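Remarks on the overall topology
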Amino acid sequence: MEKRKVSVKAPAKINLSLDVLSKRADGYHEVEMVMTTVDLADRIELTPLDEDKITIESSGGFVPLDGRNLAYQAALLLKEEFHITEGVHIHISKHIPVAAGLAGGSSDAAAALKGLNEMWELHLSLDELAERGAKIGSDVSFCVYGGTALATGRGEHIRLLNPPPPCWVLLAKPPIGVSTAEVYRNLKLDNLQHPDTSGMMEAIQEKDFSKVCARLGNVLESVTLDLYPEVRQIKEQMVRLGADGVLMSGSGPTVFGLFQHESRLHRVYNGLRGFCNEVYAVRILGE
Ligand code: ATP
């Protein structure tokens, strides 16, 4: 019987809140993040190969096409653990900006895990896939589940939440890539303005849009804003143009705005277009 191709969507995430609690002895940071997936997505296509190898190709974005690619690492991990002797070709249609704070690489890895679970008939549960995802990167576990969740530990402990109130999201990415490691190196743990994580979870549970906007907070934001003034400018511009709530996602540089009304989203979108050449109007998934 001819083996079939598997195609999986890999959506981007934004952080509605991101807190760093401490630095651990193993070098990782202890975090508390409320994350949600949005409908800007890569697509991962997996084609079985008779030959025992993993090949990777990408269209639409510059990502490493070797063992550094997180989707490649996902395939290698399952292949080794389950002694799979056939190969796979991974094609990534890249739509999520790279090194943008949107977890593009982690989402590709999660999609590869899910797709190969199906292709190689491994029958792993989402929990089992997420556990393996954590070995690849701290955001991969969340991306395996998608939706909206609280992520703790170094990001790998996931508690699923209800979807946030329906709203529009504008993503604006300045033409720079940000290194997460550099942002963490510049983060001073004493004297942080911690976001109200439990308040954000309450606001989501109550589907209270104004409360969600009021509770947006990210301790990495001021670090990136100081390192990259263009990110600060985009944030200020989005606030000035009238977004209901504005925050930087992850370690940046993408800044997102939340909108209750589509008409205002369009106004801000048009206002930003001359200012920032990568702007996306999206929805939160799973409403
Ligand atoms: P996060 O929000 O999880 O910190 P990010 O959105 O800031 O992630 P990514 O787009 O995942 O960043 O890219 C981070 C690094 O990972 C880049 O340097 C990139 O070269 C590498 N990378 C490896 N595999 C991929 C992939 N499939 N897609 C994008 N980047 C990848």
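Because the structure is predicted, anything quoted here is derived from the model rather than measured.

Basis of the calculations
Within each chain, residue numbers correspond to sequence positions counted from 1 in written order. Selection of residues for local features in this predicted model requires a pLDDT of at least 70, selection of side-chain atom pairs for listing and counting requires 80 or more, and totals for whole chains, interfaces and linings are taken over all residues. Strands are runs of DSSP state E lasting at least 2 residues, helices are runs of H or I lasting at least 4, and numbering of each runs from the N terminus. Here the globule rule is a power law, 2.2 Å times the number of residues to the power 0.38, and the radius of gyration is based on C-alpha atoms. Counting other C-beta atoms within 10 Å of a residue's own tells you its class, since 20 or more makes it buried, 12 or fewer makes it exposed, and anything in between is partly exposed; those C-beta atoms are placed from the backbone. Here, residues touch in the contact sense if the C-beta positions derived from the backbone fall within 7 Å of one another. Throughout this description, a residue near a molecule or strand is one whose C-beta atom, derived from the backbone, lies within 6 Å of it. Under the grouping applied here, Gly and all other residues not named as nonpolar or charged are polar, the nonpolar ones being Ala, Val, Leu, Ile, Met, Phe, Trp, Tyr, Cys and Pro and the charged ones Asp, Glu, Lys and Arg. Annotation comment: domain bounds sourced from an automatic or database domain assignment. Two strands pair if DSSP finds at least two bridges between them. Every axis corresponds to a line fitted to the C-alpha atoms, with the helix fit spanning only the stretch in contact, and the corresponding angles, defined between N-to-C directions, vary from 0 to 180 degrees.

**What about the overall build of the protein chain?**
Helix and strand counts for the protein chain stand at 10 helices and 11 strands. Relative to the globule expectation of 19 Å for 287 residues, the C-alpha radius of gyration of the protein chain, 19 Å, shows essentially globular dimensions. Dimensions along the principal axes, computed over C-alpha positions, put the protein chain at roughly 60 × 45 × 35 Å. Looking at the protein chain as a whole, 49% of its 287 residues are labelled buried. A fraction of 72% describes how many contacts in the protein chain between residues 6 or more apart in sequence connect residues 24 or more apart.

**Digging into the site of the ligand**
Surrounding the ligand, one finds 21 residues, the nearest of these being A103, G104, G105, D108 and G250. Take the shell around the ligand: its biggest share by element is 4 residues, from helix α2 (residues 104-119). Classifying every residue of the shell around the ligand gives 10 nonpolar, 8 polar and 3 charged. Looking at which domains feed residues into the shell around the ligand, each of domain 1 (6-161) and domain 2 (168-283) gives three or more.

**Side note on the sheet that holds strand β11 (residues 278-283)**
One open sheet holds the 4 strands; their spatial order is β9-β10-β7-β11, and the pairing between them is antiparallel. Because the sheet does not close on itself, it has two edges, and the strands there are β9 (245-248) and β11. Between one strand and the next, the sheet's axes are offset by a mean angle of 20 degrees, whatever the strand orientation. Pairing between strand β7 (residues 168-173) and β11: 6 bridges, direction antiparallel. Looking at β11, one finds that A172 is bridged to V279. Strands in contact with helix α10 (residues 262-273) are β7, β10 (255-259) and β11; relative to β7, the strand with the most contacts, it is inclined by about 10 degrees.

**Looking at the environment of G217**
Within the fold, G217 resides in strand β8 (residues 217-218). We classify G217 as buried; it has 20 C-beta atoms within 10 Å. For G217 and M248, which are 31 residues apart along the polypeptide, the C-alpha to C-alpha distance reads 8.5 Å. Excluding anything up to four places from it in sequence, G217 contacts S17, P195 and D196.

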